[in-house]
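# Chains, contacts and geometry: an overview
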Amino acid sequence: MLIKELSQEVKKDLKDYFQDRDYMVIAVPKKEPIRVYVVKATNTVETARRIHNLSPSATVAMGRAIVGALLLTSLLKHATNQKLLLKIEGDGPIGVIVVEADAKGRVRGFVGNPQVDTYLKEEGGKRKFDVSKVVGKNGTLTVVKELGTGKPYTSVVPLVSGEIGQDIAYYLYQSEQIPSAVAVGVKLNEDGSVRHAGGYLVQTLGGTSEKVKELLEKRVLELPSVTEMMEKGMRPEDIATEILKDMEPQLVGLKEIEYYCPCNEETAKASLFLMETGELEELFEENELAEVTCNFCGRVYRFDKSVLEEKREKEKREEN
Ligand SMILES: [Zn+2]
């Protein structure tokens, strides 16, 4: 694990290296058992918008879920094959939001209704996207962790706000017993493309002094929104430093973030094999090719009738 003082030099190195790329930093104060995760995911959310042709409201809601899932990878062991799935199912018009993120910083997802209408609300004299209206206030948030033990761990909590950030904080407290502050934000350009997407997670682990807990709570409340900080040019390491100011923040982790879908012909074929043989036969009676579209990246895989023979042979092998 790299441990570096978050000095001006380190910040310059990070800026030179990552420039416009997406990444996450993990910072800790020198003394207290606190962890701060800050992620910049602007390009990643823009990629999601393009792949799924998301409307502005869908971009903001799915973008928040992408940032939230990336922050939740704090529950995974760094640089392993562990991954998690975040599923938000509210009663709003966007339907389900599914995001998968892994310990290596790769993320992908989809939403039920990518073309959901725009809902705005007035807040502090500004017009903002009303995410809770799009997601719905009633429903569930599910996290499925795959930790490489062969058995996935699933926990479900009710939605508490539909704004996603608070819902993730509630999940962390309720299911993982980790008191956390979570902020996720997405800001769009006039043309609907993503201007900023990012967020932070502050975890106070057992042994954090009450004084510091109170200080952090106050500090997080007083912080401008994530996208306001990003608009000022603040990078993840700057936001982490701001949260941990006067506590000698140190950089203990760093990873690049990208939208990545590992689907391939094999995984597409496997999903086709999940169909009943009879259904597949019917499909080929009406069509020359069977098409499988990946929910996560939109890639289309086409199979001809030989796949039917392959399925029958596979079944024969399994019977024996
Ligand atoms: Zn895919």
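Residues numbered from 1 in each chain as written. Predicted model: local features only at pLDDT ≥ 70, side-chain atom pairs only at ≥ 80, totals over all residues. Heavy atoms only, no water.

### Here we look at the overall build of the protein
A count of helical and extended segments in the protein gives 11 helices and 16 strands. Relative to its length of 320 residues, the protein is compact, with a C-alpha radius of gyration of 22 Å against a globular reference of 20 Å. In terms of principal-axis extent, the alpha carbons of the protein reach across some 70 × 45 × 40 Å. Counting across all 320 residues of the protein, residues that qualify as buried make up 51%. The long-range share in the protein, meaning contacts at least 24 apart out of those at least 6 apart in sequence, stands at 64%. Each charge sign in the protein was given a centre, from 45 positive and 52 negative side chains, and these centres are 6 Å apart. (Helix = DSSP H or I, 4+ residues; strand = E, 2+ residues; numbered from the N terminus. Rg over C-alpha atoms; globule rule 2.2 N^0.38 Å. Buried < 20%, exposed > 50% of the residue type's maximum accessible area, 1.4 Å probe, protein only. Contact = heavy atoms within 4.5 Å. Lys, Arg positive; Asp, Glu negative; His and termini not counted. Charge placed at Lys NZ, Arg CZ, Asp CG, Glu CD.)

### Overview of the packing of aromatic side chains
Across all of its chains, the model carries three aromatic pairs by this definition. For the ring pair Y17 and F18, a centre distance of 4.8 Å and an interplane angle of 85 degrees mean the geometry is edge-to-face. For Y17, a relative accessible area of 47% translates into the label partly exposed. Among the residues examined, F18 registers a relative accessible area of 4% and is labelled buried. Each ring, one from F18 and one from Y23, has its centre 4.1 Å from the other, and the planes form 15 degrees; the classification is stacked. For Y23, a relative accessible area of 0% corresponds to the buried category. Directly above the ring of Y17 sits R21, whose terminal nitrogen or CZ lies 4.8 Å from the centroid. One residue, R108, lies across the ring of F296, its end atom 3.8 Å from the ring centre. (Phe/Tyr/Trp six-rings, centres within 6.5 Å; stacked < 30°, edge-to-face > 60°. Lys NZ or Arg CZ within 6 Å of the ring centre and 35° of its normal.)

### Some remarks on the domain arrangement of the protein
Looking at the protein, the domain boundaries give domain 1 (4-259) and domain 2 (265-319). Placing the centre of domain 1 and that of domain 2 at their C-alpha centroids yields a distance of 37 Å. The interface is formed by seven residues belonging to domain 1 together with four residues belonging to domain 2. Carbon and sulfur atoms supply 69% of the area buried between domain 1 and domain 2, which totals about 470 Å² over both sides. (Domains from an automatic or database assignment. Buried area = accessible area lost by both parts, 1.4 Å probe.)

### Quick word on helix 6 (residues 210-222)
If you check helix 6, its first and last C-alpha atoms are 18 Å apart, about what 13 residues at 1.5 Å a residue would give, namely 18 Å. Among the residues making up helix 6, those that are buried are V212, L216, R219 and V220. The arc that holds the buried residues of helix 6, viewed along the axis, is 95 degrees, so those residues lie on one side. Structural note: helix 6 exposes E210, K211, E214, E217, K218, L221 and E222 on the side pointing more than 90 degrees away from its buried face. Check the buried side of helix 6 and you find it contacts strand 3 (34-40), strand 11 (180-188), strand 12 (194-204) and helix 8 (236-243). (Expected span 1.5 Å × (residues − 1). Arc of directions from axis to C-beta.)

### Comments concerning the side chain of D130
Tracing the backbone shows D130 in the loop between strand 8 (126-129) and helix 4 (131-135). An unpaired buried charge is present at D130: no salt bridge exists, and K121, the closest side chain of opposite charge, is 4.2 Å distant. Not counting chain neighbours up to four residues away, the residues in contact with D130 comprise Y119, L120, K121 and E163. (Salt bridge = Lys/Arg side-chain N within 4 Å of Asp/Glu carboxyl O.)

### Side note on the nonpolar core
Counting 56 residues, the largest nonpolar core has L71, L72, L86, I88, I97, L141 and I164 as its most contacted members. In contact with L72, other than residues within four places in its own chain, are L84, L86, V143, I168, Y171 and L172. Among the nonpolar cores identified, the runner-up in size contains 27 residues, and Y23, Y200, M234 and I243 belong to it. (Core = buried A, V, L, I, M, F, W, Y, C linked by side-chain atoms within 4.5 Å.)

### Digging into helix 11 (residues 306-319)
Helix length check: helix 11 (14 residues) gives 20 Å between terminal C-alpha atoms against 20 Å at 1.5 Å per residue, within 8%. Of all the residues in helix 11, the buried ones are V307, L308 and K311. All buried residues of helix 11 project into a common sector of 105 degrees when viewed along the axis, lining one side. Of the exposed residues in helix 11, those oriented more than 90 degrees away from the buried face are K316 and R317. Its buried side turned inward, helix 11 meets helix 9 (265-273), helix 10 (277-286) and strand 16 (300-303).

### Quick word on unusual backbone geometry
Look at Q177: it is not a glycine, yet its phi comes out positive at around 55 degrees. Relative to the elements of secondary structure, Q177 occurs in the loop between helix 5 (165-176) and strand 11. On the accessibility criterion, Q177 (57% relative accessible area) is exposed. Of note in this structure, E248 is not a glycine but carries a positive phi near 50 degrees. Summarising the element assignment, E248 is placed in the loop between helix 8 and strand 13 (250-256).

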